Amino acid sequence: MAASVRPEVPADIDAIHRVNAAAFRTDGEARLVDALRAAGKLTVSLVAESAGNIVGHVAFSPVALEGGMGGVGLGPVAVAPEFQRRGFGGQLIREGLVACRQKGCRFVVVLGDPDYYGRFGFVAASRWRLRDEFGGGDAFMALELLPGRIPTGGGLVRYAPEFRLVTQ
Ligand SMILES: CC(C)(COP(=O)(O)OP(=O)(O)OC[C@H]1O[C@@H](n2cnc3c(N)ncnc32)[C@H](O)[C@@H]1OP(=O)(O)O)[C@@H](O)C(=O)NCCC(=O)NCCS
C-alpha cells in the first residue's frame, strides 16, 4: 500500500518517537527529534502514513554556515523496520526537499551513505569546501535547492546543538 506524506501534527508526536526508536539502534534519534521540536527547530517535519499508521518520518532543522548563511540539515529519517524498502524513505526525502524549497531554504546538508543520498541529488559537500563538525568525510553531502545557493568559500557547517544527543 502506498503511503501518504504530510506535515506532522501534534497527535503524531508519540508515533514519530516510536518510529525513530524502532528504526535506529538506540532511542537517541527519537530524543533528538523531540528536542528539536521543543526548541522550535523542526523546519520541516513530515510523516508517512499508511493505513492510518505512522510508518516513517523525516526531519529537517537549521544549520549555520560560518558567515551567517543558513541552510537546513536532513535527518533523522526513519522508516519502521517492517515498512522499509517500499519507497517510503525516498518519498519522505523527496517531499521534504520540496517543502524546504517552498520555505525558502537555500541548501540542504546530510550525513549519510553517498549511494543512498546521491539518488536525491546530494553530492560531496567538499565540492563547496564545506566541512562538518563530526568528521563525516565523504558522508557529508550537500544539495543546492536552487543553483548557486551555496556560497563559494566553504566553511564549517554547524548543526543544532541538540544533535549531540545522538551520541549520548
Ligand atoms: C534509511 C531509511 C529511512 C530508508 O527508508 P526506506 O523506506 O527503506 O527507503 P526506500 O524504500 O525509499 O529505499 C530503499 C533503498 O534504499 C537503500 N538503503 C536504505 N537505507 C540505506 C542506507 N542507510 N545506506 C544505503 N542504502 C540504503 C536500500 O538498499 C534500498 O535500495 P534498493 O531498493 O535499490 O535495494 C530506512 O532504511 C531506515 O529507517 N533505516 C534506519 C535508520 C537510518 O539509518 N536512517 C538514515 C540515517 S539518518
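About the cut-offs
- Residues numbered from 1 in each chain as written.
- Predicted model: local features only at pLDDT ≥ 70, side-chain atom pairs only at ≥ 80, totals over all residues.
- Heavy atoms only, no water.
- Buried < 20%, exposed > 50% of the residue type's maximum accessible area, 1.4 Å probe, protein only.
- Helix = DSSP H or I, 4+ residues; strand = E, 2+ residues; numbered from the N terminus.
- Pairing = 2+ DSSP bridges.
- Near = heavy atom within 4 Å.
- Polar contact = N/O pair within 3.5 Å; in protein donor to acceptor, adjacent residues only side chain to side chain.
- Areas by Shrake-Rupley, 256 points an atom, 1.4 Å probe, with all protein chains shown as cover.
- 1 Å grid on protein atoms, 1.4 Å probe; cavity = no way out; pocket = protein on both sides within 12 Å on 5 of 7 lines; lining within 4 Å.
- Sits in = over half its atoms within 2 Å of the grid points.
- Points joined across faces, edges and corners; volume = space filled by probe spheres on them.
- Nonpolar A, V, L, I, M, F, W, Y, C, P; charged D, E, K, R; others polar.
- Expected span 1.5 Å × (residues − 1).

Chemist: Break down the pairing of strand 2 (residues 44-50) for me, with residues and values.
Modeler: The buried count for strand 2 comes to 6 of 7 residues, which makes it a mostly enclosed element. Bridge analysis of strand 1 (residues 4-7) against strand 2 gives 4 bridges, and the strand direction is antiparallel. Bridge pairing in strand 2 links Val5 to Ala48. Examined bridge by bridge, strand 2 and strand 3 (residues 53-65) share 7 bridges and lie antiparallel to one another. Its bridge partner lying in strand 3, Ser45 is registered against Ala59. Linking two consecutive strands that pair antiparallel, namely strand 2 and strand 3, is a turn of 2 residues; a positive phi of about 50 degrees is found at Ala51 within it.

Chemist: So what's going on with the site of the ligand? Which residues, and what values?
Modeler: Residues in contact with the ligand amount to 17 residues; listed here are only the nearest, Val79, Arg85, Gly87, Gly89 and Gly90. One of the backbone N or O atoms of Val79 is found 2.8 Å from an oxygen atom in the ligand. The contact in question runs from an oxygen atom of the ligand to an N or O atom on the backbone of Gly90, over 2.8 Å. Protein coverage of the free-state accessible area of the ligand, which is 860 Å², stands at 67%. Counting atoms within 2 Å of the grid points, the majority share of the ligand lands in the second largest pocket. Mapped onto the shell around the ligand, the elements with two or more residues apiece are strand 4 (69-79), helix 3 (88-102) and helix 4 (114-118).

Chemist: Outline the layout of surface pockets, supporting the account with residue identities and numerical values.
Modeler: Taken as a whole, the largest pocket spans an internal volume of roughly 560 Å³. Forming the boundary of the largest pocket are 20 residues, of which Phe24, Glu29, Pro76, Leu111 and Val166 lie nearest the centre. Per-element tally for the lining of the largest pocket: the top contributor is strand 4, with 4 residues. When its residues are assigned to classes, the lining of the largest pocket shows 13 nonpolar, 4 polar and 3 charged. In this structure, the second largest pocket encloses a volume near 430 Å³. Considering every element that reaches the lining of the second largest pocket, the biggest residue donor is helix 3, with 4 residues. Class assignment for the residues of the lining of the second largest pocket results in 9 nonpolar, 4 polar and 4 charged.

Chemist: Lay out unusual backbone geometry with the relevant residues and their values.
Modeler: Residue Pro76 is bonded to the preceding Gly75 through a cis peptide linkage, with omega at -5 degrees. On the secondary structure map, Pro76 appears in strand 4. Of note in the backbone geometry, Ala51 takes a positive phi value of approximately 50 degrees without being a glycine. In this structure, Ala51 sits in the loop between strand 2 and strand 3. Exposure remark for Ala51: the relative accessible area of 58% places this residue in the exposed category.

Chemist: Explain helix 3 to me, and be specific about the residues and the numbers.
Modeler: The terminal C-alpha atoms of helix 3 lie 21 Å apart, and with 15 residues this matches the ideal 21 Å at 1.5 Å per residue to within 8%. Residues of helix 3 that are buried include every one of Phe88, Gly89, Gly90, Leu92, Ile93, Gly96, Leu97, Ala99 and Cys100, and no others. Just past helix 3, the residue Gly104 takes up positive phi, approximately 85 degrees.

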